[in-house]
Amino acid sequence: EPEVTQTPSHQVTQMGQEVILRCVPISNHLYFYWYRQILGQKVEFLVSFYNNEISEKSEIFDDQFSVERPDGSNFTLKIRSTKLEDSAMYFCASREGEVAKNIQYFGAGTRLSVL
Amino acid sequence: ELKVEQNPLFLSMQEGKNYTIYCNYSTTSDRLYWYRQDPGKSLESLFVLLSNGAVKQEGRLMASLDTKARLSTLHITAAVHDLSATYFCAVDTETGTASKLTFGTGTRLQVTL
């Protein structure tokens, strides 16, 4: 069964460093998402992406964050200058098409630890 | 702003007992997901409910959706220890070309012997 793949599974970085989290969505999917989950808390929406542009972003998704689909298969989340509070599990998700008929599929997540 | 509330937040139950987790949400939607999460792990999709009155069952878990009441329930029948995990509901809302899932606070279930 097709799946959303995320790499790395765990990323450790120093505060102030840039990190790129990578995702390979399911191949025929058109809509892409990032969510994050701080340890012990609920999952929060960060950003949605369609047709090579951001469709919607949350208040969390400030200027330190950016997303890109560099090559038609990968979908990346970049954090320019990481803060301690960016430590969380980051989930990528994708959807095939029309919202009413298609569901979101989640990847296994990348655990980001900022030291 | 959409609010998704689950209750209880924590549930300790004995093996063999039945219980229901509730998920209330504050806006119109007829698409709701239930996920299971083990500590430190990813989200495991349990159910996708796509219409009013939808009911789905898998093993000891049954989920239902009442879009008029803006309520979904996850019913556990004859709980076993393996069901211990955190359960999240998530409401799918659409805005233009975008959509997003808004998650509930989660219900941490502990099944004791």
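Here, every reference points to the structure presented above.
This write-up is about the structure you can find in this document. (Residues numbered from 1 in each chain as written. Chains lettered and ligands numbered in written order. Predicted model: local features only at pLDDT ≥ 70, side-chain atom pairs only at ≥ 80, totals over all residues. Heavy atoms only, no water.)

Each helix and strand counted, chain B has zero helices and 11 strands in total. The order of α-helices and β-strands along chain B, N terminus first, is β-β-β-β-β-β-β-β-β-β-β. Seen along its three principal axes, the alpha-carbon backbone of chain B occupies a region of about 50 × 30 × 20 Å. For chain B, with 113 residues in total, the buried portion stands at 46%. Across chain B, contacts joining residues at least 24 apart in sequence account for 55% of those joining residues at least 6 apart. (Helix = DSSP H or I, 4+ residues; strand = E, 2+ residues; numbered from the N terminus. Buried < 20%, exposed > 50% of the residue type's maximum accessible area, 1.4 Å probe, protein only. Contact = heavy atoms within 4.5 Å.)

The secondary structure content of chain A amounts to zero helices and 11 strands. Order of helices (α) and strands (β) in chain A, N terminus to C terminus: β-β-β-β-β-β-β-β-β-β-β. By principal-axis analysis of the C-alpha atoms, chain A measures approximately 40 × 30 × 25 Å. Looking at the 115 residues of chain A, the share that counts as buried comes to 47%. The contacts in chain A between residues at least 6 apart in sequence include a share of 54% that link residues at least 24 apart. For chain A, the accessible area works out to roughly 5,800 Å², and carbon and sulfur atoms hold 45% of it. Side chains of chain A give 11 positive and 15 negative charges; the mean places of these two sets differ by 2 Å. (Areas by Shrake-Rupley, 256 points an atom, 1.4 Å probe, with all protein chains shown as cover. Lys, Arg positive; Asp, Glu negative; His and termini not counted. Charge placed at Lys NZ, Arg CZ, Asp CG, Glu CD.)

What follows covers the state of the cysteines. Taken as a whole and assessed by the stated rule, the structure comprises two disulfides over all chains. Two residues, A:Cys23 and A:Cys92, share a disulfide whose sulfurs are 1.9 Å apart. Every disulfide takes its handedness from the sign of the S-S torsion; for A:Cys23 and A:Cys92 that torsion is -65 degrees, giving left-handed. With a gap of 69 residues between them, A:Cys23 in strand S3 (residues 19–24) and A:Cys92 in strand S9 (residues 88–95) connect regions that are remote in the sequence. We note that A:Cys23, like A:Cys92, is buried. Between the sulfur atoms of B:Cys23 and its disulfide mate B:Cys89 the distance is 2.0 Å. Where B:Cys23 bonds to B:Cys89 through sulfur, the torsion about that S-S bond is close to 80 degrees, and the disulfide is right-handed. On the criterion of sequence distance, the pair formed by B:Cys23 in strand S3 (residues 19–25) and B:Cys89 in strand S9 (residues 85–95) is long-range, its members being 66 residues apart. The pair formed by B:Cys23 and B:Cys89 is uniform in burial state, with each residue classed as buried. (Disulfide = S-S within 2.5 Å.)

Residues and elements named next belong to chain B. Pairing is antiparallel across the open sheet formed by five strands, whose spatial order is S1-S3-S8-S7-S6. Only two strands of the sheet have a single partner each, and these edge strands are strand S1 (4–7) and strand S6 (55–58). Strand-to-strand, the axes of this sheet are offset by a mean angle of 15 degrees, without reference to chain direction. Bridging between S3 and strand S8 (residues 71–76) involves six bridges; their strand directions are antiparallel. (Pairing = 2+ DSSP bridges. Axes fitted to C-alpha atoms, helices over the stretch in contact; angles between N-to-C directions.)

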